[in-house]
Every structure is written in C-alpha cells, then in structure tokens.
Amino acid sequence: MISLKEALKLSQSEILNLRKELKDKIVQDRALGAYVEQLTNEELNESGDGVPIAIKDNIQVKGWSVTASSKILQGYVAPYDATVIKKLKEVNLSPFGRTNMDEFAMGGSTETSYYGKTLNPLDRSRVPGGSSGGSAAAVAGGLAIAALGSDTGGSIRQPAAFCGCVGFKPTYGRVSRYGLGAYSSSLDQIGPITRSVEDAAILYDIIKGHDTKDSTSFSGAYENTADKLNPNRKFSIAVIENYINDADEDVKKELLKTIEKLKSAGHSIVYKNLSNAKYDIATYYIISTAEASANLSRYDGVRYGRRAEVKNLHDLYAKTRGEGFGEEVKRRMLLGTFVLSSGYYDAYYIKAQKARNFIKKEYEEILKESDIILLPVAPTTAYKFGAMSDPVQAYLGDVYTVGVNLAGLPAISVPVGKDRDGLNVSAQIIGKAYDEQAVLDGGLVLENITKE
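Predicted, not measured: the structure shown is a model, and the values here were computed from it.

### What to know about the overall build of the protein
Consideration 1: When its secondary structure is counted, the protein shows 16 helices and 10 strands.
Consideration 2: Computed over C-alpha atoms, the radius of gyration of the protein comes to 21 Å, within 12% of the 22 Å expected from 2.2 N^0.38 for 452 residues, which places it in the range of a compact globule.
Consideration 3: Reported as C-alpha extents along the three principal axes, the dimensions of the protein are approximately 70 × 60 × 45 Å.
Consideration 4: Per-residue burial over the protein gives 59% buried out of 452 residues.
Consideration 5: Intrachain contacts of the protein at a sequence separation of at least 6 include 73% that bridge at least 24 residues.
Consideration 6: Accessible area of the protein: about 17,200 Å², with a carbon and sulfur share of 50%.

### Looking at the side chain of R19
Consideration 1: On the secondary structure map, R19 appears in helix α2 (residues 12-28).
Consideration 2: Separated by 2.6 Å, the side chains of R19 and E46 make a polar contact.
Consideration 3: Other than its neighbours up to four places away in sequence, R19 contacts E46, G48, D49, G50, P52, S94 and F96.

### Some words on the pairing of strand β1 (residues 51-56)
Consideration 1: For β1, the buried fraction is high: six of the six residues fall into the buried class.
Consideration 2: Side chains of β1 alternate between two faces, with V51, I53 and I55 and P52, A54 and K56 buried alike.
Consideration 3: Bridge count between β1 and strand β2 (residues 93-99): five bridges; the pairing is parallel. What sits directly across from P52, in β2, is S94.
Consideration 4: As for the winding sense of the linkage, the β-α-β connection from β1 through helix α4 (residues 83-90) to β2 is right-handed.

### Quick look at the sheet that holds strand β3 (residues 147-151)
Consideration 1: In space, the 10 strands of this open sheet follow the order β2-β1-β3-β5-β4-β9-β10-β8-β6-β7, with mixed pairing throughout. Unpaired on one side and paired on the other, β2 and β7 (268-272) mark the two borders of the sheet. For this sheet, the mean inter-axis angle between neighbouring strands, taken without regard to orientation, is 30°.
Consideration 2: Relative to strand β8 (residues 372-376), strand β6 (residues 236-240) runs parallel, the two sharing three bridges. By the bridge assignment for β8, A238 is matched with I373.
Consideration 3: Those strands touched by α4 are β1, β2, β3 and β5 (189-194), and its axis lies near 135° from that of β2.

### A few points about the packing of aromatic side chains
Consideration 1: This model, assessed by the stated rule, comprises 16 aromatic pairs.
Consideration 2: Their ring planes at 85° and their centres at 6.0 Å tell us that F162 and Y383 sit as a pair that is edge-to-face. Pair noted here: F162 is in helix α6 (residues 157-163) and Y383 is in the loop between β8 and α14 (391-395), with a separation of 221 residues, a long-range link. Accessibility assignment for this pair places F162 and Y383 in one class, buried.
Consideration 3: Among the aromatic residues, ring-to-ring pairing joins F104, Y299 and F325 into one connected group.

### A short note on the packing of helix α7 (residues 197-207) against helix α16 (residues 436-451)
Consideration 1: Contact pair α7 / α16: the axes reach a minimum separation of 9 Å and the direction vectors enclose 160°. As judged from the angle between their axes, α7 and α16 are roughly antiparallel. In this structure, the crossing between α7 and α16 has a hand that is right-handed. Side by side, α7 and α16 meet where V197, A201 and Y204 of the first sit next to E436, L440, G443, L444 and E447 of the second.
Consideration 2: Per-class residue counts for the contact of α7 with α16 are five nonpolar, one polar and two charged.

The rules we used
- Residues numbered from 1 in each chain as written.
- Predicted model: local features only at pLDDT ≥ 70, side-chain atom pairs only at ≥ 80, totals over all residues.
- Heavy atoms only, no water.
- Helix = DSSP H or I, 4+ residues; strand = E, 2+ residues; numbered from the N terminus.
- Rg over C-alpha atoms; globule rule 2.2 N^0.38 Å.
- Buried < 20%, exposed > 50% of the residue type's maximum accessible area, 1.4 Å probe, protein only.
- Contact = heavy atoms within 4.5 Å.
- Areas by Shrake-Rupley, 256 points an atom, 1.4 Å probe, with all protein chains shown as cover.
- Polar contact = N/O pair within 3.5 Å; in protein donor to acceptor, adjacent residues only side chain to side chain.
- Pairing = 2+ DSSP bridges.
- Right-handed = clockwise from strand over helix to strand, strands pointing away.
- Axes fitted to C-alpha atoms, helices over the stretch in contact; angles between N-to-C directions.
- Phe/Tyr/Trp six-rings, centres within 6.5 Å; stacked < 30°, edge-to-face > 60°.
- Parallel < 35°, antiparallel > 145°, perpendicular 65-115°, else oblique.
- Left-handed = near helix turned anticlockwise from the far one by under 90°.
- Nonpolar A, V, L, I, M, F, W, Y, C, P; charged D, E, K, R; others polar.

Set out below in structure tokens:
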C-alpha cells in the first residue's frame, strides 16, 4: 500500500485511480468489517476527490450518515463538517468511508458496534481493539492509506497495537474536537492511525491547530513536526518497570528486547515506577462515565436520530433510549449517573478528580528527569472474540493507556515485535504536554531500531 507521504505527491488522475483501487479492495474484503459500509452493504461514503482518508463513524462529515455505530443515531445526517474534515479538504485530502467503532466509543474491541464486529487483519479470529478498531483494521488490512480515530482512554493506541500499525494521540487540545461525537469531553482527542510514524506526523500536522469553535482548543504556538523528524536524536528514556513486569510474558519479552536495543543505540535508560494502575482505571471510569452520562442525555428522540413509536413524552424518552442504546452504553451511563448523584458525588466524582491531579503530577515528575516515557500499550496482544465477556476484565485492558488521557499528554503506539502466535507487540512512548516532536521522534527511533 502506498504511504500518505507518497500519495500527497500523486497527480489528480493518479489519485482517482487510487480511490478506485481502494474501493474495489473494500468491496472485495467485506468480511473484514473495517468499514460500516462493509457491514451494511451500502455504497461507500465519499466527500471530495482528493487523497482518500478513512474516517471514524463519530466524526461529522457533511451529508454523511454519522451514527457513532449506535442504533439511536440511525437516520441522522451530519449537517456540517468537523474542523478536522475541513482541514483535510484544504490540502486535497478527502473523507473516504466510515470506519466501524465501539458504540459511542465505549469499548475496547469494536464488539459493541450496532453494525457488528470488525475482524483483526493479522488473525481474523481476534479482536482489532477499540474503540477505533475499524480505523486500525482498515489501515492494517490495506484498505486505507491512513485513518482518523478518536482516543478517550487508549482508543487509538490500543487498536493500532492490536493490528500492527502506528497510533498517535496528540496532547489534549492540540486537535479540535469540534464535530467529534462526545463520549468524555475532558478526555476525547482525535488523532491519526497510519502505517508509519512519518505518516502519523504528516497527518497530525494537517489536522492540528487552534479552533475558536472548540473552547478547549490550545491557543499557543503550533509548529510542524514531519519536516523536523529526527531518527538520530538521543533520548533519556524512563522505562516504567512495574508496568512491564505486570504485562503478559510475550509482551514483556519483546519490550525488554526493545530496551536493550535502545541502550545499544546510545539512549539513556532510567527505571521508574508508577502507582498501581488500578487507580488509573478507577479514576478513568468514574470521570469518563460521569461525562458520558451528561453528554448522552441529548439523545432523547426529540432533536435528532431514531425515535420510538409512543403516545406520551415520558415513554418517548424511556423507550427511545432503552431501544436505541446498547448494553455497554447503558452500563456506563448508569454508572456515570450514579457517581454524580446526591450523596455519592463527593465520595466518587470529587475524589476521582483529586486522583486525576495526582496521576498527572506523577507523569510530570518523571518527565522532569527524562525526555520521554516507555511502557506497554496493553497487558496482552489481541485476544480472541468472546474472551473478555466480563466487563470489568475488559476494562482492565486499558490499564496502560488511560493515565495518558487523564494527564492530557501526547503518546504514540509503535510496533516493536511479535508474540508466539505472530501477533503484534507495540511499545508506547509518552512525552511532555505540547511536545509532540519528542514523542514522534521517539516513535521514529523505535520504528527504525525494530527494522534493523
């Protein structure tokens, strides 16, 4: 598959040929289910005639049905373009297909989608990760040059790791959230999924920037990163030893090999520990579900989306939401409503916000002594469908990624090896807030040493 860097150099006629080739591949490999259109047998959604970029089904594209892979949004057609979509179109990139996802980005396997599951291109008996599983599967399966996903607690980095591609989560606020279907507003961040670190930097440079329509958008200086990528940069790297030791044996083995390669390449390695990751998980699920409870209250059958057939207003709310939301979304909304309720707000939500501040400070202290942090993306490689039937067990799959979102830091997932079944193992690089360059340079260093 052609790289994004190469695709940007194509003539218009060559781009049109590329679009046709991709469309043919997507139709031929419907079984993968990376795109909503593959699961519904609909015509592929397109907007413009530029270099094709796959778009997660929670990012607004004018004229498209955008549903966040939920039953409750069936029939909704986006009336405007998200800011990231406008930025793509300004440089002759075009939205090309809606990628499947966990419903409202709630899940880590893309199994909660209303449309059905996406398969992992590396082993179709296994999950592609989530919630941006469709985006990762499309890129890894050769059905997309690059894709946009959204990351609330690892939803770009984890599927990229499961499918063997690169997933980049920028610092919170660096990429506008205007036009992104909200799950948890203080955690959500749009980012690229690509085949290489360089392509991730190129796509990030295109979509980044301040946006007056997003009150959380970063208003400071922005610099391009792709033209400054430095594969020879030497880093002081903090390795989170307790997280590596707690990972699956194959993941641990590949990361330890990677660390030795980094040492041999002249990088300085220091070993650090973070607090038990169970605190990150608890904090994340209290804050994210509380925000989801508020954000998803707008889906009531009155303003847009699917409406149940009823005779009074009370039944309209109850039946529309009861029929329209899947089990995982209901579970998280109920949890969020509970932690915000009278008598529990102080005990859970306020305490979680204090814990969030503690987690942020832990990362900041380590980053005062080192340039970047290295740790696993997930405790295991891609697991088989149905293996995580217990919701709590599934939540623990986010154990190494949610802290980054709580702290608002940039991070990248880069393939570094294989497990005994030939599945991908990735390492995660985390950097200081607004230092995307160091994270991307660190990712490029990882990418290069694993190719040697």
